Amino acid sequence: MSGDDDVQPDGRNGWFLRAAGVVGDLDHPFYEEERQRDVWNEACAVGLQVALWLGLALAAAMVWLGGATALPYALAVFALLAGVTSWVTVSYAQRLGVRVEDPAGVLRLRLVPYLVLLALFLTGVVRAAPSDGFVGGLAQGAAVGGAAGTLWLLASGLRARRRTRSEEA
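In the annotation of an unreviewed UniProt entry, the chain is listed under the name DUF2029 domain-containing protein and assigned to Geodermatophilus obscurus.

Written as structure tokens, this is what we have:
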């Protein structure tokens, strides 16, 4: 399977999909065999989740153990993993017509450890942040934004579940 065989970019998104194909080495002969491709896709999903969880645990440990000194580095780790990596993953799927934002599917028990790590990180950020200056404002803004985003996601998931249950009844 060539990366270009499955990718039908529209004019606006072609560069992103071409770049992703190069980064993911999607033209490699490895992808020609269906079982190998399926197993590799599952392995990548597992690897991505492990990287997200361990990266968030690392960022939380950095702010709790390193305090204000480690804060910029912890925020960079968090932004890279929770921001950039997640954004690229979701954007790639969306550009290929796969919608992953179903709020009803977000609320799952497996997310509890992630939410605990996120709460530890955000609490540590607020604790470690200086009360003034750029870093303090950035850290407090990240904590408030992260908490607000998490609450919005939970509320959206609960609404979607209620809507699904009422449609089924």
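Next comes the rest of the description.
1. Structural notes on the packing of helix α3 (residues 34–95) against helix α5 (residues 112–128)
Direction vectors running N to C along α3 and α5 enclose 30°, while the axes themselves pass 12 Å from each other. Considering the angle they form, α3 stands roughly parallel to α5. Pair α3 / α5 crosses with left-handed handedness. Counted by class, the contact of α3 with α5 contains 22 nonpolar, three polar and one charged residues.

2. Some remarks on the nonpolar core
If you look at the biggest cluster of nonpolar residues, it comprises 20 residues, and the most contacted ones within it are Val63, Leu71, Ala74, Leu75, Phe121, Val125 and Ala139. For this core, the secondary-structure elements that each account for two or more residues are α3, α5 and α6 (133–168). Broken down by element, the residue count for this core peaks at twelve residues, all from α3.

3. Brief notes about the UniProt feature "transmembrane region" (unreviewed entry) in the chain
Here the UniProt-annotated "transmembrane region" (unreviewed entry) positions come out as residues 43–65, 71–90, 111–129 and 135–155. The distance separating the terminal C-alpha atoms of residues 43–65 is 32 Å; by composition the span is 100% helix and 0% strand. Within the segment residues 111–129, helix and strand shares are 89% and 0% respectively, and the terminal C-alpha atoms sit 27 Å apart.

4. What about the side chain of Ser91?
As for its position among the elements, Ser91 is in helix α3. Reaching out from Ser91, the side chain makes a polar contact with the backbone oxygen of Trp87 at a distance of 2.8 Å.

5. Some thoughts on a nonpolar patch on the surface
Taken together, the side chains of Trp64, Leu65, Leu109, Val112, Val116 and Leu120 make up a nonpolar region of the molecular surface, amounting to roughly 640 Å² of accessible area. Counting residues per element, the ones that place at least two in the nonpolar patch are α3 and α5. The element best represented in the nonpolar patch is α5, accounting for three residues. Considering the arrangement of structural elements, one finds Val116 in helix α5.

6. So, a negative patch on the surface
On the surface, Glu33, Glu34, Asp38 and Glu42 cluster together to form a negatively charged patch. Position of Glu34 among the secondary structure elements: in helix α3.

7. Looking at the confidence of the model for the chain
Confidence in the prediction for the chain averages 80 pLDDT; 88% of positions are at 70 or higher. Below pLDDT 50 for its whole length, residues 1–5 participates in eleven contacts with residues either more than four positions away or in separate chains. Contacts for the low-pLDDT stretch residues 7–12, under 50 throughout, to residues beyond four places or in other chains number six contacts.

8. A short note on helix α2 (residues 14–23)
Those residues of α2 not exposed but buried are Gly14, Phe16 and Leu17. All buried residues of α2 project into a common sector of 165° when viewed along the axis, lining one side. Looking at α2, the residues exposed on the side facing more than 90 degrees away from the buried face are Trp15, Arg18, Val22 and Val23. The elements touched by buried residues of α2 are α3. Residue Asp25 follows α2 closely and has a positive phi angle near 55°.

Rules used throughout
- Residues numbered from 1 in each chain as written.
- Predicted model: local features only at pLDDT ≥ 70, side-chain atom pairs only at ≥ 80, totals over all residues.
- Heavy atoms only, no water.
- Axes fitted to C-alpha atoms, helices over the stretch in contact; angles between N-to-C directions.
- Helix = DSSP H or I, 4+ residues; strand = E, 2+ residues; numbered from the N terminus.
- Parallel < 35°, antiparallel > 145°, perpendicular 65-115°, else oblique.
- Left-handed = near helix turned anticlockwise from the far one by under 90°.
- Nonpolar A, V, L, I, M, F, W, Y, C, P; charged D, E, K, R; others polar.
- Core = buried A, V, L, I, M, F, W, Y, C linked by side-chain atoms within 4.5 Å.
- Buried < 20%, exposed > 50% of the residue type's maximum accessible area, 1.4 Å probe, protein only.
- UniProt positions renumbered as here; feature names shortened; annotations may be inferred.
- Polar contact = N/O pair within 3.5 Å; in protein donor to acceptor, adjacent residues only side chain to side chain.
- Patch = residues over 30% accessible without salt bridge, like charges linked within 9 Å, V, L, I, M, F, W, Y side chains within 5 Å.
- Areas by Shrake-Rupley, 256 points an atom, 1.4 Å probe, with all protein chains shown as cover.
- Salt bridge = Lys/Arg side-chain N within 4 Å of Asp/Glu carboxyl O.
- Lys, Arg positive; Asp, Glu negative; His and termini not counted.
- Charge placed at Lys NZ, Arg CZ, Asp CG, Glu CD.
- pLDDT = per-residue confidence, 0-100.
- Contact = heavy atoms within 4.5 Å.
- Arc of directions from axis to C-beta.

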